[in-house]
Amino acid sequence: MRHSRALRLLGIVTPLAAIVFAGLIGSVVIAMAGKSPLAVYKTMVLFSLTRFDSIALILFRCTPLLISAIAVSIGFRANLFNIGVEGQYFIGSFCAAWVGFSLRGLPAIIHLPLAACAAMLGGVIWALVPALLRVRRGAHEVITTIMMNSVAFSMVHWLIYVFLDVEQTTVPGMGSVRMRTPLVLATAKMPTMHSLLNPLLAPLGLEVPRHVYLNYFFPAAIALAFLVNYFIHRTPLGLEIRAVGHNPDAAETQGIDPNSVRLKAFLLSAAVAGLVGLSDLLTYFGYLDIDFPKGYGFTGIAVALLGKNNPVGMILSAFLMSFLRRGAEGAQVLEGVPMDTAAILEGVMILAIVVASSVFTRYARAWQKREARAHADQ
Amino acid sequence: MDTTAVVSLKGISKAFPGVVADRDINLDVTHEIHAIVGENGAGKSTLMRILSGLLRPDSGEIWLRGSRVTITSPGHAAALGIGMVHQHFMLIGRFSVMENVILGLEPSHHGVLDASAAKARVLALCRQYGMALDPDAKIRDLPVGLQQRVEILKVLYRGAQVLILDEPTAVLAPQEVADLFQNLRALKEAGKTIIFISHKLDEVLEIADRISVLRRGQMIGTVLAQDATREEIARMMVGRPVLFSLDKPPATPGDALLELKDLSVLGGLGNLACDRVSLSVRAGEIYGVAGVEGNGQTELVEAVTGIRKPRSGSIMLLGKQVAGQNPAAIRHLGLAHIPEDRQRRGLVLELSVLENFILGKHRSSNYVARHVTNTREARTQASRAIRDFDVRVASLDLTGGSLSGGNQQKLILSRELETGPKVIIAAQPMRGLDVGASEFVRSVLLKARQDGCAVLLVSADLEELMALSDRIGVMFRGRLVAELDRDLATVDRIGQYMVGTTAEAAR
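This is a predicted model, so every value here is computed, not measured. (Residues numbered from 1 in each chain as written. Chains lettered and ligands numbered in written order. Predicted model: local features only at pLDDT ≥ 70, side-chain atom pairs only at ≥ 80, totals over all residues.)

Trainee: I keep staring at the environment of Ile494 of chain B and nothing clicks. Help me out?
Mentor: All names here are of chain B. On the secondary structure map, Ile494 appears in helix 17 (residues 491-498). According to the C-beta neighbour criterion, Ile494 is buried, with 22 such atoms within 10 Å. As for Ile494 and Trp63, which are separated by 431 residues in sequence, their C-alpha atoms are 44 Å apart. Those residues in contact with Ile494 that lie beyond four places of it in its chain are Ala290, Leu462, Ile472, Val474 and Ala489. (Helix = DSSP H or I, 4+ residues; strand = E, 2+ residues; numbered from the N terminus. Buried ≥ 20, exposed ≤ 12 C-beta atoms within 10 Å, placed from the backbone. Contact = placed C-beta atoms within 7 Å.)

This is the structure:
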């Protein structure tokens, strides 16, 4: 048993080693660009972590990544690869926007949750076709969800055209056209955390800047990470999802219908995916336009991998990803290093973590096996 | 018998991190058939992998015909005349016998395969050792026994003088075993030395000249087969006396609890895997299903347990029609299933012992409180059950995959039997288990029988079936070709039904 502590420690060290490794590769890239790696990293860290607006911004940007990672991780547990988070949050965001701008006269306590439910429903509806195709016909979800992503982008563009915000479309005298939905009503908007945080931070001489839209979706996402983890590990359906994910044959033998469990896990993943865009939609933009942020779904996959589906791991990974991007912005402005360096770091880090964790898993398994054998021999 | 050593192992030790696999092993193999027996994990395989160049010993010497050698690789071992016939065949199904034999050592002429020379050499080898094989036959068309012959031929083609056979009879029917033994004796006559690894004691006693016993990495001793008894060797292997003739009171069968009528089941390829099988298993009896693997037993079990939908026919479980129902519904009626592949169907190796224990009944009111798994209750029940079933595990939180084969099987037994099922379907329950663990499984099945369970026991191991069953049915090509009372069954008779030689006469 004393080994299990060492193993847990090793489990934490493994991703850290991968991060360091990625940093080394990144140094080579930076050096090739003719800059000093140390200076660039120093700038990244200082710019990201010593400016309070950067920290608040990193937390704000964490939110969609974390929710996306949670969605992906639910799929991973059932051995499903939901690449469709991207499309699911686009549709989910549209549904939330629709509820947000079209339903009038509701109090915030109803309107906002209703918008969130609409977002989850949108995600589920968008996942229904790939999920059913997988369960009934065995069509691989990677292929079908990628297709659905493309359809979702175009569909949302069309829906924006249908619901085009006529009042705002033409700016008098300038004739410019903004391709976007009407504004979400105030009752459906998620408030920022300024009014809560600023009084607390004031004694420290800190303040969340007005241009940072850190909002209550951030703590909600953190809570969701732990809630989903609890669900996966402590409920009968959670056990079924893990059993089917690891060994559908054994699950089936024990009377569990693998396809029904896969369907549930898929739709659950999609429901969470539907929420990914809300932090941006209901706090920052207040409308859906044709430039609504893309890519959270894919980054979420990286975050889930890096965090190994574990809530704390995914929170830290989401933070790391946001930190890298913010740091890269700083490095671009202050050091003249292109933003793409951060993308390279991200990529190498994911590769390194995948390799390192598979090595670690094999090692941990052998270790556990030996311990069990030693015990059995006693 | 020539008493000069062909192979000598002197003081061989090999440790893996945390375990010593072999400790100071001394072994002399002369020109003979030398059996090495021992329980799983006794160090047989490690020792043979050292001899065949797959592993290097930590210390000790290997002597071959009076000179010391250091074997660096399997290729080197082959060059020294040592060849290994693996338990799992390494053959290419689409290739012919000849192509498989010469693969890696093809005779060529200016870089072009000399097919006629190759064929001639393969034929010459077959003739020399009295092995009937068609060099042009495709491997996938051959029965298992002949495939094994090809494996042996491969080793001979590479000039082996010492042949190591790793559990060669595990996959064979009795008649095929007899053929194999005939081949081995011929090889010995032709001057080959044979090392035979097994844990089937009857076979070892029949074929071997001498038998060496390993236990927990140590050499316990070598005995002459003609002087040895099964009980003696088993005691050497386990370290204590082992019960073979089970204390088995006469059956007092009651009502039929499981009745199959004209059950037909399609296999994975759409073939008719089970063809109108009818049988019934009564309370308080063990019904054994014999047969060479792949004759429909797997599909039969899958249909009865609800994993595979039958094509036609009926399955009555405790008087209720269950054909085509799902596994959960069938289990719920009181059916326990010990699957034939415990790592694939029995356990989820990545889940903990506790989770594996409650899997299947994880939704029962015992284990769920307010929609959440009642871990405390699960732990209590699991601790009790694994104590009753002697599962040796340090913690309920270790993964199922970390357990040894015997403990995995005991964990499955504890899960399946602690609820007091009425009908037990046990498929190959003792496969791959060592003497101690199979003894335990046997006693559990017999106890269930005493308690009035109906047990359907499917096994490819005739000894096992003969020891446990009250009636024995034999499956051949999807049909139940014979059904015999235990008193009238002999290994020979069943063996003939198993290979279909008397299939016509039976119907």
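Trainee: Looking at this structure, how should I read the domain arrangement of chain A?
Mentor: Bring the parts together and some accessible area is lost; that lost area is often taken as the interface size. All names here are of chain A. Along its sequence, chain A is carved into domain 1 (1-33 + 338-378) and domain 2 (51-336). Computed over C-alpha atoms only, the centres of domain 1 and domain 2 are separated by 28 Å. Between domain 1 and domain 2, the contact holds 12 residues from the first and 12 residues from the second. Here the element with the most residues in the side of domain 1 that touches domain 2 is helix 16 (residues 340-377); it accounts for nine residues. (Domains from an automatic or database assignment.)

Trainee: Sorry if this is basic, but what is going on with the pairing of strand 22 (residues 454-458) of chain B here?
Mentor: Along a regular strand, successive side chains alternate from one face of the sheet to the other. All names here are of chain B. Most of strand 22 is tucked away: five of the five residues are buried. Of the two faces of strand 22, the one carrying Ala454, Leu456 and Val458 and the one carrying Val455 and Leu457 are both buried. Of the pairings in the sheet, the one linking strand 21 (residues 423-427) to strand 22 comprises five bridges and is parallel in character. If you follow Ala427 over to strand 22, its bridge partner there is Val458. Once the chain exits strand 21 it traverses helix 15 (residues 435-450) before rejoining the sheet at strand 22, and the crossover so formed is right-handed. (Pairing = 2+ DSSP bridges. Right-handed = clockwise from strand over helix to strand, strands pointing away.)

Trainee: Would you mind showing me how to read the sheet that holds strand 24 (residues 479-485) of chain B here?
Mentor: Within a beta sheet, neighbouring strands are joined by backbone hydrogen bonds and run either parallel or antiparallel to one another. All names here are of chain B. Taken in spatial order, the six strands of this open sheet run 18-21-22-15-23-24, and their pairing is mixed. Of all the strands in the sheet, just strand 18 (335-338) and strand 24 have a single pairing partner and so form its edges. Strand-to-strand, the axes of this sheet are offset by a mean angle of 15°, without reference to chain direction. In this fold helix 15 packs onto strand 15 (285-290), strand 21 and strand 22, with an angle of close to 150° to the strand it touches most, strand 22. (Axes fitted to C-alpha atoms, helices over the stretch in contact; angles between N-to-C directions.)

Trainee: Hey, could you run me through helix 9 (residues 217-234) of chain A in this one?
Mentor: The periodicity of an α-helix, 3.6 residues per turn, causes residues three or four places apart in sequence to face the same way. Residues and elements named next belong to chain A. Between its terminal C-alpha atoms helix 9 stretches 25 Å, which fits the 26 Å expected from 18 residues at 1.5 Å a residue. All of the buried residues along helix 9 are Phe217, Phe218, Ala221, Ala225, Val228 and Ile232. End-on, the buried residues of helix 9 take up no more than an arc of 100°, which puts them together on one face. In the core, the buried residues of helix 9 are packed alongside helix 3 (52-77), helix 10 (236-246), helix 13 (278-285) and helix 15 (311-335). (Expected span 1.5 Å × (residues − 1). Arc of directions from axis to C-beta.)

Trainee: What am I meant to see in the nonpolar core here?
Mentor: Soluble, globular proteins show a tendency: their nonpolar side chains are buried together. Of all hydrophobic cores here, the largest spans 255 residues; its most connected members are Leu66, Ile70 and Ala96 of chain A together with Ile425, Val455, Leu457 and Val474 of chain B. Top contributing element to this core by residue count: helix 3 of chain A, with 16 residues. Residue contacts for Ile425 of chain B: discarding those within four places in its chain leaves Val301, Val304, Thr305, Leu335, His337, Ile338 and Leu456 of chain B. (Core = buried A, V, L, I, M, F, W, Y, C linked by C-beta atoms within 7 Å.)

Trainee: Can you help me understand the environment of Val135 of chain A in this one?
Mentor: Residues and elements named next belong to chain A. On the secondary structure map, Val135 appears in helix 5 (residues 108-137). The spatial distance from the C-alpha of Val135 to the C-alpha of Val244 is 13 Å, given a sequence separation of 109 residues. Those residues in contact with Val135 that lie beyond four places of it in its chain are Asn259, Arg262 and Leu263.

Trainee: How should I be thinking about unusual backbone geometry in this particular structure?
Mentor: Most peptide bonds take the trans form, and the phi angle of most residues other than glycine is negative. All names here are of chain B. For Arg216, which is not a glycine, the phi torsion comes out positive at approximately 45°. Here Arg216 shows up in the loop between strand 11 (210-215) and strand 12 (218-224). On the neighbour-count criterion, Arg216 (17 C-beta atoms within 10 Å) is partly exposed. A positive phi angle, near 50°, is found at Asp262, a position not held by glycine.

Trainee: What should I look at first to understand the sheet that holds strand 13 (residues 256-266) of chain B in this one?
Mentor: Residues and elements named next belong to chain B. Overall, antiparallel pairing links the four strands, which are arranged 14-13-16-17 in an open sheet. Only two strands of the sheet have a single neighbouring strand rather than two, namely strand 14 (272-282) and strand 17 (320-321). Examined bridge by bridge, strand 13 and strand 16 (residues 312-317) share five bridges and lie antiparallel to one another. Note on strand 16: the bridge partner recorded for Lys261 is Ser314. Contacts from helix 9 (residues 297-304) reach strand 13, strand 14 and strand 16, with the element oriented near 60° to strand 14.

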